[in-house]
Amino acid sequence: MALAGLLAVLSSPAVGQTAWAHDATSDVYAEVTTAPSSSGPEGAGPDVAAVLDLEYDLLMKSAWLRAEAYEATDRADQLAQLGEHEAEVDGYVTDRFVVTYDGEPCAPALSGVDLVERGERAYASLAYTFSCDGEPEGVHEVSSALFPDAESFVHSTETIIRYSLDDEDGSAVLTAASPTLTTGENRLLRQVGEFFVLGGEHLLFGIDHVLFLLALLIGSRRLRDVVLTATAFTVAHSVTFLLAALGVVSVPSIVVEPVIAASIAVVAVVDLVLIRRGGAASGPVRDALRWSGPAGSRDERGAWDRWRLPVVFVFGLVHGVGFAGALGIDAAWSWTLLWSLLSFNVGIEAVQLGIIALVFPLLVLLRVKAPRTARWTLGAGCAVIAAVALWWVVERLAF
């Protein structure tokens with residue numbers, strides 16, 4: 001029933017947009033560093049420089065500007081709209097992104113406006129300086145309440161910060177529940193926890209990744225299939241995720257996103273072929289839990305058994321680049337960055353294992369207790385998954 005309900009939602013017209021945006025959420029990206037002090041040498045004072053990247057159309061809507069502002073799609077038009085409405089945009093951002101020093105607010109000044117592209121979306125890139133009063137050796141706090149739920153345009157906005165302040169380097173994820181970063185704290189454990197949760201959320205709310213995992217599970221008949229397939233996918237996406245997030249590998253999202261959608265369609269179509277040939281049939285529960293043996297003979301499954309792991313591994317490499325694009329970190333190597341990346345990846349794996357632990361036993365029981373129902377239900381599910389994935393391929397190539 002849960003699978004049928006999910007597939008019913010996925011077949012709705014809004015699915016393409018939801019998958020493309022990985023649910024109706026948005027991330028803000030911020031780089032915050034110590035700035036040259038107006039009264040001393042560079043890095044000697046408490047002043048702060050910040051570069052904020054915010055989705056262009058969402059920013060213009062949230063600033064309550066007219067439709068021609070947020071509907072602009074040409075880069076020149078978008079830059080012109082940002083210039084024309086600079087005061088409104090600046091007011092919106094500085095009301096919700098605040099820097100303090102030793103408890104006193106720092107005065108923001110907008111010093112530059114540009115446009116950058118993240119995942120095929122235009123982002124306004126706003127450069128700020130924050131003038132802070134006080135002597136060195138103090139403590140900074142950075143708070144973000146950008147794009148709150150109350151505005152109703154998006155929900156669960158997260159601000160992903162890379163910072164170098166007060167002789168401290170690190171990363172943080174600011175949310176409505178935890179909106180403030182304070183330097184001077186022992187943040188390593190908190191940082192690990194924040195990125196663990198962020199990774200889990202990305203897999204759970206990234207409907208395309210979830211569908212790929214479901215398609216793999218539907219095509220698995222034995223515990224051995226699940227373990228080997230999950231391992232191949234995990235190793236592959238972990239490798240490219242780390243390399244892409246560290247800037248070693250760079251693949252444009254215009255390539256990555258359609259290939260991710262195509263990978264879902266390929267696996268779902270293979271499942272359909274196997275089900276039509278009778279591959280959904282299963283013996284006793286113990287057969288599915290055996291490391292080798294029945295649960296679909298080798299002759300019956302043919303070439304897919306031979307090519308399953310190489311195909312899943314290749315698709316896993318592409319999904320890993322997609323995970324890295326969602327995180328939006330392209331900093332140079334550092335140990336603090338590595339901890340963030342590893343905890344993000346572990347969060348992905350934890351949710352993946354949770355889905356496997358929930359779905360695979362249900363599939364086994366369905367095949368054992370009601371093989372005819374399993375054949376029709378899983379066949380219909382695979383058909384919907386394949387259709388949705390093919391629609392995403394077309395949408396992502398066309399738009």
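Sequence order sets the numbering: in each chain, residues are counted from 1 along the sequence as written. Selection of residues for local features in this predicted model requires a pLDDT of at least 70, selection of side-chain atom pairs for listing and counting requires 80 or more, and totals for whole chains, interfaces and linings are taken over all residues. Side-chain numbers here rest on the full set of heavy atoms in the structure, without hydrogens or water.

Q: It is not clear to me how the overall build of the protein chain should be interpreted in this structure. Could you clarify?
A: The helix and strand inventory of the protein chain stands at 15 helices and 10 strands. Between buried and exposed lies partly exposed: a residue is buried under 20% and exposed over 50% of the maximum accessible area for its type, with that area taken using a 1.4 Å probe on protein chains only. Taken across its 399 residues, the protein chain has 48% of its residues classed as buried. Within the protein chain, contacts between residues at least 6 apart in sequence are counted, and of these 75% link residues at least 24 apart. Per-residue accessibility takes into account occlusion by the displayed protein chains alone, with areas from the Shrake-Rupley method and a 1.4 Å probe. By element, 62% of the accessible surface of the protein chain is carried by carbon and sulfur atoms, the whole surface being about 18300 Å². Only runs of H or I of at least four residues qualify as helices and only runs of E of at least two qualify as strands under DSSP, and these elements are numbered from the N terminus. Any two residues whose heavy atoms approach within 4.5 Å at even a single point are treated as in contact.

Q: How should I be thinking about the sheet that holds strand 2 (residues 48-55) in this particular structure?
A: Should DSSP find at least two bridges between two strands, the strands are regarded as paired. Judged by pairing direction, the sheet is mixed, and its six strands sit side by side in the order 5-6-2-1-8-9 without closing on themselves. The sheet terminates laterally at strand 5 (107-118) and strand 9 (168-174), the two strands that pair on one side only. Strand-to-strand, the axes of this sheet are offset by a mean angle of 15 degrees, without reference to chain direction. Judged from the six bridges that link them, strand 1 (residues 27-34) and strand 2 form a sheet pairing that is antiparallel. Paired with Y29 across the strands is D53, a residue of strand 2. In this description, a line fitted to the C-alpha atoms serves as the axis of each element, helices being fitted only across the stretch in contact, and the angle between N-to-C directions of two axes falls anywhere from 0 to 180 degrees. The strands touched by helix 5 (residues 75-84) within the sheet are strand 5 and strand 6 (121-131), with strand 5 carrying the most contacts at an inclination of about 165 degrees. This element, helix 6 (residues 86-96), spans strand 2, strand 5 and strand 6 of the sheet and lies at about 70 degrees to strand 6.

Q: I keep staring at unusual backbone geometry and nothing clicks. Help me out?
A: What is expected of a backbone is that most residues other than glycine have negative phi and most peptide bonds are trans. The phi dihedral of D102 falls on the positive side, at around 50 degrees, and the residue is not glycine. Considering the arrangement of structural elements, one finds D102 in the loop between strand 3 (97-101) and strand 4 (104-105). Look at D166: it is not a glycine, yet its phi comes out positive at around 55 degrees.

Q: Looking at this structure, how should I read the sheet that holds strand 7 (residues 140-144)?
A: Adjacent strands of a sheet pair through backbone hydrogen bonds, lying either parallel or antiparallel. Taking strand neighbours across the sheet as the criterion, the four strands line up as 4-3-7-10 in an open arrangement whose pairing is antiparallel. In the strand order of this sheet, the two ends are held by strand 4 and strand 10 (180-182), each with one partner. Strands strand 3 and strand 7 of the sheet are contacted by helix 6, whose axis makes an angle of about 50 degrees with strand 3.

Q: Can you walk me through the pairing of strand 5 in this structure?
A: Regular strands have side chains that alternate between both faces of the sheet. In this structure, strand 5 lies alongside strand 6, joined through 11 bridges in antiparallel fashion. Bridge pairing links L115 to A124 in strand 6. Where strand 5 folds back onto strand 6 in an antiparallel hairpin, the turn is made up of two residues, including G119, whose phi is positive at roughly 55 degrees.

Q: What is the right way to look at the nonpolar core in this model?
A: Inside soluble globular proteins, nonpolar side chains tend to come together where they are buried. Nonpolar cores are built from buried Ala, Val, Leu, Ile, Met, Phe, Trp, Tyr and Cys residues. Side-chain atoms within 4.5 Å join them into one set. In this structure, L211 and L217 are the most contacted members of the largest nonpolar core, which totals 53 residues. Listed by contribution, the elements that provide at least two residues to this core are helix 7 (188-205), helix 8 (207-218), helix 9 (223-245), helix 10 (253-276), helix 13 (303-327), helix 14 (335-369) and helix 15 (371-398). If you look at the next biggest cluster of nonpolar residues, it comprises 39 residues, including Y101, C132, V142 and L181.

Q: How should I be thinking about the packing of aromatic side chains in this particular structure?
A: Centre distance and the angle of the planes are the two values used to describe a pair of aromatic rings. Centres within 6.5 Å are what make two rings of Phe, Tyr or Trp a pair, Trp counting through its six-membered ring; a difference in plane orientation under 30 degrees is then read as stacked, over 60 as edge-to-face, and the rest as tilted. Applying the stated criterion to the full structure yields eight aromatic pairs. On the numbers, 6.1 Å between centres and 25 degrees between planes, the contact of Y92 with F147 is stacked. Of this pair, Y92 sits in helix 6 while F147 sits in the loop between strand 7 and strand 8 (158-165), placing them 55 residues apart in sequence. In this structure Y92 comes out as buried when scored by relative accessible area, which is 5%. Pairwise contacts between aromatic rings join F97, Y128 and F130 into one cluster. Whether a charge lies above a ring is judged from NZ of Lys or CZ of Arg, which has to be within 6 Å of the ring centre and within 35 degrees of the ring normal. Stacked on the ring of Y29, the Lys or Arg R118 has its end atom at 4.0 Å from the ring centre.

Q: For this particular structure, what's the right way to read a nonpolar patch on the surface?
A: Each patch is built from residues lacking any salt bridge and having more than 30% relative accessible area; the joining distance is 9 Å for like charges and 5 Å for nonpolar side chains (Val, Leu, Ile, Met, Phe, Trp, Tyr). The rule for a salt bridge is simple: a side-chain nitrogen of Lys or Arg has to be within 4 Å of a carboxyl oxygen of Asp or Glu. Judged by side-chain polarity, V235, V239, L243, V248 and F313 come together as a nonpolar surface patch covering roughly 390 Å² of accessible area. Within the element layout of this structure, V248 appears in the loop between helix 9 and helix 10.

Q: I tried to follow the packing of helix 8 against helix 10 on my own but got confused; where do I start?
A: It is the contact of helix 8 with helix 10, at a shortest axis distance of 9 Å, that shows an interaxial angle of 25 degrees. Between helix 8 and helix 10, the interaxial angle falls into the category roughly parallel. Of the two possible hands of crossing, helix 8 and helix 10 adopt the one that is left-handed. Taking contact as the criterion, the partners of D208, H209, L211, F212, A215, L216 and I218 in helix 8 are, on helix 10, E257, I260, S263, I264, V267, A268, D271 and I275. An angle counts as roughly parallel when it lies under 35 degrees, as roughly antiparallel when it exceeds 145, as roughly perpendicular when it falls between 65 and 115, and as oblique in every other case. By definition, any crossing whose near helix is turned counterclockwise from its far helix by less than a right angle is left-handed, and any crossing with a clockwise turn is right-handed.

Q: Could you clarify how one ought to interpret the confidence of the model for the protein chain in this entry?
A: Parts of the model with low pLDDT should not have their predicted coordinates read in detail. The pLDDT value tells you how sure the predictor is about a given residue, anywhere from 0 up to 100. When the pLDDT values of the protein chain are averaged, the result is 81; 81% of them are 70 or greater. pLDDT under 50 marks residues 284-288. Its contacts with residues more than four places away, or in other chains, come to 13 contacts.

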